[in-house]
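Residue-level listing of the chains:
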Amino acid sequence: DTHHFNHNINIILLTMRLVFGPPLILLICSLGLNVAVPLHVDASPAFVTNSPGTLSRQKQNGLILHATAEPRSGFAQQLLNFALASPIWTYVLVPQARASIVKTAEENGIPWIAAKEWLRSQKDAPWALGADADYGDIQYPEYYKKSFHAYSDGNLNYDAAFEQELASRSIGARNFPEYSDRGEDVFRGAFDQALSKLGAGVNQSSDDQKEVTKGSIIVDFGCGTGTSTRRLAKQFPQVTQLIGVDLSPYFIDVGQTLLKLAPSAMDVANENNNPQGWITAIDSDTRIQLRQGDMANTQLPSNSVSVVNLSLVLHELPTSAAKEVILEAHRILQPGGQLWISEMDFESTAYKAQRENALLFSLLRATEPYLDEYADGMPEVKNYITDIFSVVKIAAATGRHYALLAEKGKDDDDAGQSMIEDYRFKPDGSYAVEDTHLKPWESKQDS
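Just so we're clear, the structure is a prediction, and the values are computed from it rather than from any experiment.

Asker: Which parts of the structure should I look at to understand the overall build of the chain?
Answerer: Counting its regular elements, the chain contains 13 helices and twelve strands. Counting across all 447 residues of the chain, residues that qualify as buried make up 57%. Restricting to contacts in the chain with at least 6 residues of sequence separation, those with at least 24 account for 78%. A total of about 19,000 Å² of accessible surface is found on the chain, and carbon and sulfur atoms cover 51% of it.

So this is what it looks like as structure tokens:
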């Protein structure tokens, strides 16, 4: 999967801390809350809560209002727009912020510098053998060619691939400071728990007990370097095959190399001046196949897989592409197969507040080009899922993220007959899981 959304916000806010200092950050963020926010009227079918824990899909004429967070006016906004559009952002601020993230990693026992150098120095790796010489001929969807996560080439470079797991580990430690270098495990575990409660399983038996049958296949869409794919392999040891699909050949190269090397976790406490290994131990697993390709067109047979996993991917897609990906997942799933989605929830209180802060959200969009479209398109995408799947359930995973499970019907007549079972909110309307993330402008020491 891709970098956590919080990777981007931390690059931005750390930059602001470095350049402006914490007092001005607080001023800018508070000013953002008082800027008028233009509203986009979405007349798509409304999702209406009928009773606690249940959300039905009703075709109504009701309107849903979403803040579009378009560029705002005012001195603070102009200052940010100038900084983001100038070479200062690319050549000064981003490197400084990245250095601060690296420092955060090292302080939390994550050997960013040594691990990246160990990986980069592998003599038999594709990047050492010039494999990327042929990657210019690969056809990518237009949406994928944009800058992401402060990398000018987006995901189409080795630096982004080398740093994906490093950044995720570092941001996990920052946002869950009480767990230090295990923060990312806690973050991902929250999705696992939420999906399990919704009934996630591979080829469930008729008595509703989870049962993995021979020939089961899990496909991991947008697998990146394979972090989520490897995690699924450990969770489901009886699954026959796990296929990770990602558009970036650079990320696939790194993922395949890590599986081949099967490194131990780097022992930074060792007195050896040349530590070897990765930030986590990786087991060789012949069931895992990482493939470069378009998850909207996998070339896999119809009705052939048990589970499709989408972990922190949809927010990086335009709505049209997200729907194509979901349709492909439905096509390749067996009847009774499940789609698992783990994502940020802009209907949660925490992300709503961030988005309503006009200035802060302008910064976020600088590294996430489709973030507005994702936030506005959530109702449309949920409608689409309900139209083609027979069972759809959604629950809060963290104070800012949801887990969604959609099950393919036994036959075509089952599609579109379900209601969304929504467990994200308490009867009083508050989000079901407390938000424990640090505030954007906070550091671990501030908490």
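Asker: Just to check I follow, could you spell out helix 13 (residues 371-388) for this structure?
Answerer: Residues three or four positions apart in an α-helix share a direction because the helix packs 3.6 residues into each turn. Helix length check: helix 13 (18 residues) gives 24 Å between terminal C-alpha atoms against 26 Å at 1.5 Å per residue, within 8%. The principal kink in helix 13, of about 55°, is found at Gly377, preceding the proline Pro379 by one to four residues. Burial runs high along helix 13: 15 of the 18 residues are buried.

Asker: Would you take a moment to explain the environment of Pro275 for this structure?
Answerer: Relative to the elements of secondary structure, Pro275 occurs in the loop between helix 9 (249-261) and strand 7 (288-292). We classify Pro275 as partly exposed; its relative accessible area is 23%. Residues within four places of Pro275 in sequence aside, it is in contact with Ala114, Met266 and Asp267.

Asker: Looking at this model, I keep getting lost on the pattern of salt bridges. Mind explaining?
Answerer: When charged atoms on two side chains of opposite charge get close, those side chains can pair. Scanning the entire structure with this criterion turns up 20 salt bridges. Between Arg120 and Asp159 there is a salt bridge; the shortest N-O distance is 3.4 Å. Here Asp159 lies in helix 6 (residues 158-175) and Arg120 lies in helix 5 (residues 112-120), a separation of 39 residues in the sequence. According to the relative accessible area criterion, Arg120 is partly exposed, its value standing at 37%. On the accessibility criterion, Asp159 (34% relative accessible area) is partly exposed. Here Lys234 makes a salt bridge to Asp283, at a shortest N to O gap of 4.0 Å.

Asker: Would you explain unusual backbone geometry in this entry?
Answerer: A negative phi angle characterises most non-glycine residues, just as the trans form characterises most peptide bonds. Unusually for a residue other than glycine, Ser180 sits at a positive phi of about 50°. Structurally, the position occupied by Ser180 is in the loop between helix 6 and helix 7 (183-198). Taking relative accessible area as the criterion, Ser180 reaches 22% and is therefore assigned partly exposed. Even without being a glycine, Gln299 presents a positive backbone phi close to 70°. Tracing the backbone through its elements, the reader meets Gln299 in the loop between strand 7 and strand 8 (305-311).

Asker: Got a minute to help me understand the packing of helix 5 against helix 6 in this structure?
Answerer: The interhelical angle for the contact between helix 5 and helix 6, taken along N-to-C directions, is 150°, at an axis separation of 10 Å. Comparing the axis directions of helix 5 and helix 6 gives the class roughly antiparallel. The chirality of how helix 5 crosses helix 6 is right-handed. For the pair helix 5 and helix 6, the contacting residues are Trp112, Ala115, Lys116, Leu119 and Arg120 in the first and Asp159, Phe162, Glu163, Leu166, Ala167 and Ser170 in the second. Across the contact of helix 5 with helix 6, the residue classes break down as six nonpolar, one polar and four charged.

Asker: Where do I start with the layout of surface pockets in this structure?
Answerer: Empty space among the atoms can be located by rolling a probe the size of a water molecule over them. One number sums up the size of the second largest pocket: a volume of about 390 Å³. Around the second largest pocket, the lining comprises 18 residues; the ones closest to its centre are Thr227, Arg230, Arg231, Lys234 and Ala281. Of all the secondary-structure elements, those providing two or more residues to the lining of the second largest pocket are helix 6, helix 7 and helix 8 (227-235). In terms of residue count, helix 8 provides more of the lining of the second largest pocket than any other element does, five residues in total. Of the residues contributing to the lining of the second largest pocket, the split by class is five nonpolar, two polar and eleven charged.

Asker: Looking at this structure, how should I read the side chain of Lys116?
Answerer: Structurally, Lys116 can be placed in helix 5. Its relative accessible area of 13% is what places Lys116 among the buried residues. Not counting residues up to four positions away in its chain, the partners in contact with Lys116 are Asp159, Phe162, Glu163, Leu166 and Trp278.

Asker: Can you help me understand the nonpolar core in this one?
Answerer: Generally speaking, a soluble globular protein has its nonpolar side chains buried in company with each other. Ranked by internal contacts, the top residues of the largest apolar core, which has 104 residues, are Val219 and Leu339. Setting aside its immediate chain neighbours within four residues, Leu339 contacts Val308, Leu310, Ile326, Ala329, Leu333, Phe389, Leu404, Leu405 and Ala406.

Asker: In this structure, what is going on with the environment of Gly293? I would like to understand it.
Answerer: With respect to the element layout, Gly293 can be found in the loop between strand 7 and strand 8. The class of Gly293 is buried, set by a relative accessible area of 16%.

Asker: Honestly, the environment of Gly224 in this entry has me stumped. Any pointers?
Answerer: Topologically, Gly224 is positioned in the loop between strand 5 (217-221) and helix 8. For Gly224, a relative accessible area of 1% puts it in the buried group. Sequence separation between Gly224 and Arg291 is 67 residues, and the spatial gap between their C-alpha atoms is 10.0 Å.

Asker: I keep staring at empty space enclosed by the protein and nothing clicks. Help me out?
Answerer: Per the counting criterion, the structure on display carries four cavities of 30 Å³ or more. Considered as a void within the structure, the second largest cavity measures approximately 100 Å³ in volume. Forming the walls of the second largest cavity are 14 residues, and the residues nearest its centre are Leu314, Tyr374, Gly377, Met378 and Val381. When contributions to the lining of the second largest cavity are tallied by element, the ones reaching two or more residues are helix 10 (319-332), helix 13 and strand 11 (401-407). Within the lining of the second largest cavity, the residues separate by chemical class into ten nonpolar, two polar and two charged.

Reading the values: rules and limits
- Residues numbered from 1 in each chain as written.
- Predicted model: local features only at pLDDT ≥ 70, side-chain atom pairs only at ≥ 80, totals over all residues.
- Heavy atoms only, no water.
- Helix = DSSP H or I, 4+ residues; strand = E, 2+ residues; numbered from the N terminus.
- Buried < 20%, exposed > 50% of the residue type's maximum accessible area, 1.4 Å probe, protein only.
- Contact = heavy atoms within 4.5 Å.
- Areas by Shrake-Rupley, 256 points an atom, 1.4 Å probe, with all protein chains shown as cover.
- Expected span 1.5 Å × (residues − 1).
- Bend = angle between axes of the 7 residues up to and from the residue.
- Salt bridge = Lys/Arg side-chain N within 4 Å of Asp/Glu carboxyl O.
- Axes fitted to C-alpha atoms, helices over the stretch in contact; angles between N-to-C directions.
- Parallel < 35°, antiparallel > 145°, perpendicular 65-115°, else oblique.
- Left-handed = near helix turned anticlockwise from the far one by under 90°.
- Nonpolar A, V, L, I, M, F, W, Y, C, P; charged D, E, K, R; others polar.
- 1 Å grid on protein atoms, 1.4 Å probe; cavity = no way out; pocket = protein on both sides within 12 Å on 5 of 7 lines; lining within 4 Å.
- Points joined across faces, edges and corners; volume = space filled by probe spheres on them.
- Core = buried A, V, L, I, M, F, W, Y, C linked by side-chain atoms within 4.5 Å.

That's the geometry; what it means functionally is another story.
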